[in-house]
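The residues making up each chain are set out below.
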Amino acid sequence: TNKQPKIYDKIRKEIIALLDKNIVPWEQPWIFKQESGDLHNPSTKTVYRGFNVFWLGLHMMKHNLTDTRFLTYKNVKDLGGKVRKGFATEVTFYNQIPVFAKDENGEFILDENGQKIIIRKVPVFGSHTVWNVEHCDGLDLPELTKIDIPEFDAVEIAETVANDYLERENITLNHISQNEAFYS
């Protein structure tokens, strides 16, 4: 079954719905490393990355969630819990499946190291349905331990990085009020 168009439609509709409410999701003050840690699946120990962080963050914002743990239906069932209907979301995955060279008898062709020769990789995009643990009942999960997130001044850190780079590379910046920019 090709779920790709369904996922794209769902993502597009969700983002358009937020934009219609004058919410620009990528301009939210996202803090993905929540007090309870990274967005993750506690059963598989998978830490979500890339688009999934954005998507699960939207889901958490939409439902006012604070727990950063997400589980598949099977994970919930294996932990003795039940999911609440209507609160599922999806995480996406991308992989490349190798296609191996074969001879005229259909046997794999091996290289000098005995490894199958890859002739191309086929991209595969898919998704898994997940629930935030706050939308599950009867789970036997440990309480989350809070992680101290230190306060920081992003501008100060950026200035330090820039100044260290300029000093290390022996670059001098001259700020002169003019109507033109000059680089040398």
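Please refer to the structure placed before this passage.
This is a predicted model, so every value here is computed, not measured.

Draft legend 1. Representation of the packing of aromatic side chains in the model. Evaluation of the coordinates by the stated rule reveals four aromatic pairs. Between Phe51 and Phe54 the ring centres are 5.8 Å apart and the planes differ by 50 degrees, which places this aromatic pair in the tilted class. With Phe51 and Phe54 both in helix 2 (residues 51-62) and three residues apart, this pair spans about one turn of that helix. A relative accessible area of 33% means that Phe51 is categorised as partly exposed. The exposure class of Phe54 is buried, given its relative accessible area of 17%.

Draft legend 2. Looking closely at unusual backbone geometry. Within the chain, Lys45 stands out as a residue other than glycine whose phi angle is a positive 65 degrees. With respect to the element layout, Lys45 can be found in the loop between strand 1 (40-41) and strand 2 (46-47).

Draft legend 3. Representation of the side chain of His40 in the model. By the secondary structure assignment, His40 is in strand 1. The buried category is assigned to His40, whose relative accessible area is 17%. Leaving out residues up to four positions away in the same chain, His40 has contacts with Thr46, Val47, Tyr48, Thr68, Arg69 and Phe70.

Draft legend 4. Just the nonpolar core, in detail. With nine residues, the main nonpolar core is built from Leu39, Tyr48, Val53, Leu56, Met60, Leu65, Phe70, Val91 and Val130. Sorting elements by how many residues they give to this core places helix 2 first, with three residues. Residues within four places of Leu65 in sequence aside, it is in contact with His59, Met60, Asn132, Glu134 and His135. Counting seven residues, the second largest nonpolar core, distinct from the first, contains Ile11, Leu18, Phe54 and Trp55.

Draft legend 5. Focus on the environment of Gly126. With respect to the element layout, Gly126 can be found in strand 6 (residues 118-132). For the pair Gly126 and Val91, spaced 35 residues apart in sequence, the C-alpha to C-alpha distance is 8.5 Å. Aside from chain neighbours lying at most four places away, what touches Gly126 is Ile7, Val91, Thr92 and Phe93.

Draft legend 6. Broad picture of the sheet that holds strand 5 (residues 89-100). Spatial strand order, 3-6-5: three strands in an open sheet with antiparallel pairing. This sheet does not close on itself; its edge strands, each paired only once, are strand 3 (70-72) and strand 5. Taken over all neighbouring pairs, the strand axes of this sheet differ in orientation by 45 degrees on average, direction set aside. Bridge count between strand 5 and strand 6: 12 bridges; the pairing is antiparallel. For Thr92, the partnering residue across the bridge sits in strand 6 and is Ser127. Packing of helix 2 onto the sheet brings it into contact with strand 3, strand 5 and strand 6, and relative to strand 5 it is tilted by some 160 degrees.

Draft legend 7. Fine view of helix 2. Between its first and last C-alpha atoms helix 2 spans 17 Å; for 12 residues at 1.5 Å apiece the expected length is 16 Å, and the two agree. Within helix 2, nine of the 12 residues are buried, which leaves the element mostly enclosed by the surrounding structure. What helix 2 keeps buried is the set Asn52, Val53, Phe54, Trp55, Leu56, Gly57, Leu58, His59 and Met60. Backbone geometry just after helix 2 places Asn64 at a positive phi near 55 degrees.

Draft legend 8. Fine view of the pattern of salt bridges. Inspection of the entire model under this criterion finds seven salt bridges. Residues Arg69 and Asp67 are paired through a salt bridge, measuring 2.9 Å at the closest nitrogen-oxygen approach. Among the residues examined, Asp67 registers a relative accessible area of 10% and is labelled buried. Between Asp137 and Arg84 there is a salt bridge, with the nearest N and O atoms lying 2.9 Å from each other. Pair noted here: Asp137 is in strand 7 (residues 136-137) and Arg84 is in the loop between strand 4 (82-83) and strand 5, with a separation of 53 residues, a long-range link.

The rules behind each value
- Residues numbered from 1 in each chain as written.
- Predicted model: local features only at pLDDT ≥ 70, side-chain atom pairs only at ≥ 80, totals over all residues.
- Heavy atoms only, no water.
- Phe/Tyr/Trp six-rings, centres within 6.5 Å; stacked < 30°, edge-to-face > 60°.
- Helix = DSSP H or I, 4+ residues; strand = E, 2+ residues; numbered from the N terminus.
- Buried < 20%, exposed > 50% of the residue type's maximum accessible area, 1.4 Å probe, protein only.
- Contact = heavy atoms within 4.5 Å.
- Core = buried A, V, L, I, M, F, W, Y, C linked by side-chain atoms within 4.5 Å.
- Pairing = 2+ DSSP bridges.
- Axes fitted to C-alpha atoms, helices over the stretch in contact; angles between N-to-C directions.
- Expected span 1.5 Å × (residues − 1).
- Salt bridge = Lys/Arg side-chain N within 4 Å of Asp/Glu carboxyl O.

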